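# Results of the structural survey
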Amino acid sequence: MASGKEIKRRIRSVQNTGKITKAMKLVSASKLRRAQGSVVSARPYKDKLKEVLSRLVASAGASVADPLLEVREVKRVGFVVFASNKGLAGGYNANIMKEALAQVQATEAQGYEVGIVAVGRKARDFFVKRGYTIDEEFLAVNDIPSATDADAITKMIKTAYVTGAYDEVHIVYAEFRSAMSQIPKTVKVLPIETPESEAGDGQDYIFEPSPDVVLSQILPLYLANQVFSALTEAKAGEHGARMTAMSAASDNANALVGRLDLEYNRARQAAITNEITEIVGGANALN
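Before going into details, it helps to say that this report is about the structure given with it.

Parameters and conventions
Position numbers for residues start from 1 in each chain and track the written sequence from start to end. Since the coordinates come from a predicted model, pLDDT governs what is reported: local features require at least 70, and pairs of side-chain atoms require 80 or more to be given and counted, while whole-chain, interface and lining totals use all residues. In computing side-chain values, all of the structure's heavy atoms are included and hydrogens and water are not. A simple rule labels every residue: compare its accessible area, found with a 1.4 Å probe on the protein chains alone, to the largest value its type can have, and call it buried under 20%, exposed over 50%, or partly exposed in between. Here a strand is any run of E in DSSP of at least two residues, a helix any run of H or I of at least four, and the numbering for each starts at the N terminus. The handedness rule is simple: strands pointing away from the viewer, and a clockwise path from the first strand over the helix to the second, make the crossover right-handed. For two strands to pair, DSSP has to find at least two bridges joining them. Here, nonpolar core refers to any group of buried Ala, Val, Leu, Ile, Met, Phe, Trp, Tyr and Cys residues whose side-chain atoms link them within 4.5 Å. By definition in these notes, contact holds between two residues if any of their heavy atoms fall within 4.5 Å.

### Observations concerning the pairing of strand S1 (residues 76-82)
Among the 7 residues that make up S1, 6 are buried, leaving the element largely enclosed by the rest of the structure. Handedness of the crossover is the feature at issue here: the chain leaves S1, passes through helix H2 (residues 92-109), returns alongside strand S2 (residues 113-119), and the resulting connection is right-handed. In the sheet, S1 pairs with strand S4 (residues 168-178) via 5 bridges, with the strands oriented parallel. From the neighbouring strand, Val-81 faces S4, where its bridge partner is Val-172.

### What about the nonpolar core?
Ranked by internal contacts, the top residues of the largest apolar core, which has 59 residues, are Val-80, Phe-82, Phe-127 and Ile-192. With 11 residues, the single largest contributor to this core is helix H5 (residues 211-286). What Ile-192 contacts, discounting residues up to four positions off in sequence, is Leu-53, Leu-68, Leu-69, Leu-219, Tyr-222 and Leu-223. Ranked by size, the runner-up nonpolar core spans 9 residues in total, among them Ala-29, Ala-35, Val-39 and Ala-236.

### Comments concerning the pairing of strand S5 (residues 181-190)
Inspection of the sheet shows S4 paired to S5 by 9 bridges, in the antiparallel sense. When the bridges of S5 are listed, His-170 appears paired with Lys-188. In this structure, the hairpin formed by S4 and S5 is closed by a connection of 2 residues.

### Focus: the environment of Phe-176
Relative to the helices and strands, Phe-176 is located in strand S4. Put simply, Phe-176 and Thr-148 are 28 residues apart on the chain and 21 Å apart in space, counted from C-alpha to C-alpha. The contacts of Phe-176, once residues within four sequence positions are left out, are Leu-32, Gln-36, Arg-43, Ser-181, Glu-233, Ala-236 and Gly-237.

Structure, rendered in structure tokens:
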């Protein structure tokens, strides 16, 4: 059995760790509230933009032509992987990396080349360790993403697609469901697959100056919105996963302190009993 001093030292260590995990939990909870607000407010805009795009495509008909819609022979596929810069988020990063690696390996098995764009240090480090070349990395994304963060990523993948560096672009991220549920998801964002028009809405829409011109403005906006939505979902999921992990760590620390207190009391009682036994033994020896 460990001595009382050793147990006391361990109790203090666990208590200090518990204070740190509790503080991290509170910080993550605060960030989660803000990030979750961004996710909730962005979803109606995303749905409305998709609706407008479907009507534009229906109005333009067969004349639709734009570099972001161009479908060509696939030779190289780009994967934009959204992960975190830091750990201590439970299985959040591991689940995303599992999904991303499965998609990458499946693409390679079809005979296509693969390019990796890493958003977050965990994504970069994961693929570098496995021998993949990182085409671009974005490591300075804010905990509460802004349009500027998404614009930098959007500009990079748009340029890569238009210039032919990628023939398809997929994004891999964790879709936010709740603080305890983040679902890894892969979505093809380029070429843009235009949604089907709303059937039977009974209304005729007039676009000025013309559907083609409006479409050329909507498509880059639609792509940027796809990236921004993925970024906000990923960050909300990260904060939720970290809050949950730190909550569990704090609970475990409290439970461990309770067990160590019991062990300390037993050790102290054993020491007192041993001292009494020695005193009594000594007294008997003198008699």
